[in-house]
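Residue-level listing of the chains:
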Amino acid sequence: MIKDLTDIFTKGILNSANYNPKTIQGKLENLPNIRCVFYDDSPFDNWYLITRDDEKGVAEYYGFLSYRFPVALLMENCPDNLRIFLKGNNIFTDKFYRRCSCEEDILRKYTPKANLSIIDDRKLLDGRISFDSQEFITICSFHYLSPYDFDFSDII
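Below or above, wherever it landed, is the structure these notes cover. All of these numbers come straight from a predicted model, not from anything done at the bench.

Here the focus is helix α1 (residues 6-14). Every buried residue of α1 is listed here: Ile8, Phe9, Gly12 and Ile13. For α1, the angular spread of buried residues about the axis comes to 140°, placing them on one side. Next to the buried residues of α1 lie β3 (47-54), β5 (71-74), β6 (92-95) and α4 (104-110).

We note that Asn33 has phi near 65°; this positive angle belongs to a residue other than glycine. Positionally, Asn33 belongs in the loop between α2 (21-29) and β2 (34-38). Positive phi values are uncommon outside glycine, yet Asn90 reaches one of about 60°. Looking at the element boundaries, Asn90 is found in the loop between α3 (80-88) and β6.

Where α2 is concerned, the buried positions are Pro21, Ile24, Gln25 and Leu28. Each buried residue of α2 lies within a common arc of 100° when the element is viewed along its axis, so the set occupies one face. Where the residues of α2 are buried, they touch β2, β3, β4 (57-66) and α3. The N-cap of α2, judged by a side-chain oxygen 3.1 Å from the amide nitrogen of Lys22 a few residues on, is Asn20.

Further remarks concern the side chain of Thr51. Examined against the element boundaries, Thr51 turns out to sit in strand β3. Within the structure, Thr51 has its side chain in polar contact with the side chain of Asp53 (distance 3.0 Å). If near-sequence neighbours (up to four positions away) are discounted, Thr51 is found in contact with Asn33, Ile34, Arg35, Val58, Glu60, Tyr61 and Tyr62.

Further remarks concern the packing of aromatic side chains. The tally for this structure, following the rule as stated, stands at 11 aromatic pairs. With centroids separated by 5.3 Å and ring planes inclined at 85°, the aromatic side chains of Phe96 and Phe152 adopt a geometry described as edge-to-face. Of this pair, Phe96 sits in the loop between β6 and β7 (99-101) while Phe152 sits in the segment after β10 (150-151), and the two are 56 residues apart along the sequence. Every member of this aromatic cluster is reached through a ring pair, and the members are Phe9, Trp47, Phe64, Phe69, Phe96, Tyr110 and Phe152.

All right, on to the environment of Leu116 then. Structurally, Leu116 is set in the loop between α4 and β8 (117-118). Residues Leu116 and Leu145, spaced 29 residues apart in sequence, show a C-alpha to C-alpha distance of 7.2 Å.

All chains considered together, the criterion is met by 8 salt bridges. Residue Arg35 pairs with Asp53 through a salt bridge whose shortest N-O separation is 3.6 Å. One end of the pair, Arg35, is in strand β2; the other, Asp53, is in strand β3, and 18 residues separate them in sequence. On the accessibility criterion, Arg35 (32% relative accessible area) is partly exposed. Each of Arg98, Arg99, Asp149 and Asp151 takes part in a single network of salt bridges with overlapping partners.

Procedures and definitions
- Residues numbered from 1 in each chain as written.
- Predicted model: local features only at pLDDT ≥ 70, side-chain atom pairs only at ≥ 80, totals over all residues.
- Heavy atoms only, no water.
- Buried < 20%, exposed > 50% of the residue type's maximum accessible area, 1.4 Å probe, protein only.
- Helix = DSSP H or I, 4+ residues; strand = E, 2+ residues; numbered from the N terminus.
- Arc of directions from axis to C-beta.
- Contact = heavy atoms within 4.5 Å.
- Polar contact = N/O pair within 3.5 Å; in protein donor to acceptor, adjacent residues only side chain to side chain.
- Phe/Tyr/Trp six-rings, centres within 6.5 Å; stacked < 30°, edge-to-face > 60°.
- Salt bridge = Lys/Arg side-chain N within 4 Å of Asp/Glu carboxyl O.

It is worth stressing that arrangement in space is one thing and function is another; only the former is reported here.
Next up, the structure:
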């Protein structure tokens, strides 16, 4: 399944004026056994990873919290008290899916790399992208995001 993130990402943008991610992170870290740290596998500080820890380390992954906007994408195993906590702190929540889609202009605001192009490569099929354009060259490099089908890890 491909999850369309346009709605929740738009809500996050529209309601981000008073969002303080460090405050939310601190509150999460004060919950028993909850850890909220930047995702280790990413070179960008764009999303926090929310986990439950035990004496051995990470016991469960609960989801991701955006650093830039009040949005959290939560795994199915995320407990209700954590969901209620996030909603009570004006964080918009939705289910986490690995495969995603999002309207191009909205996705661009959540993409950590300014130089990573967002190109709807379906435009090749109907001729809206010509073979002598920069977009075509970028598509051939495979260094772009397709807004109708991308892996969530591409925007972390």
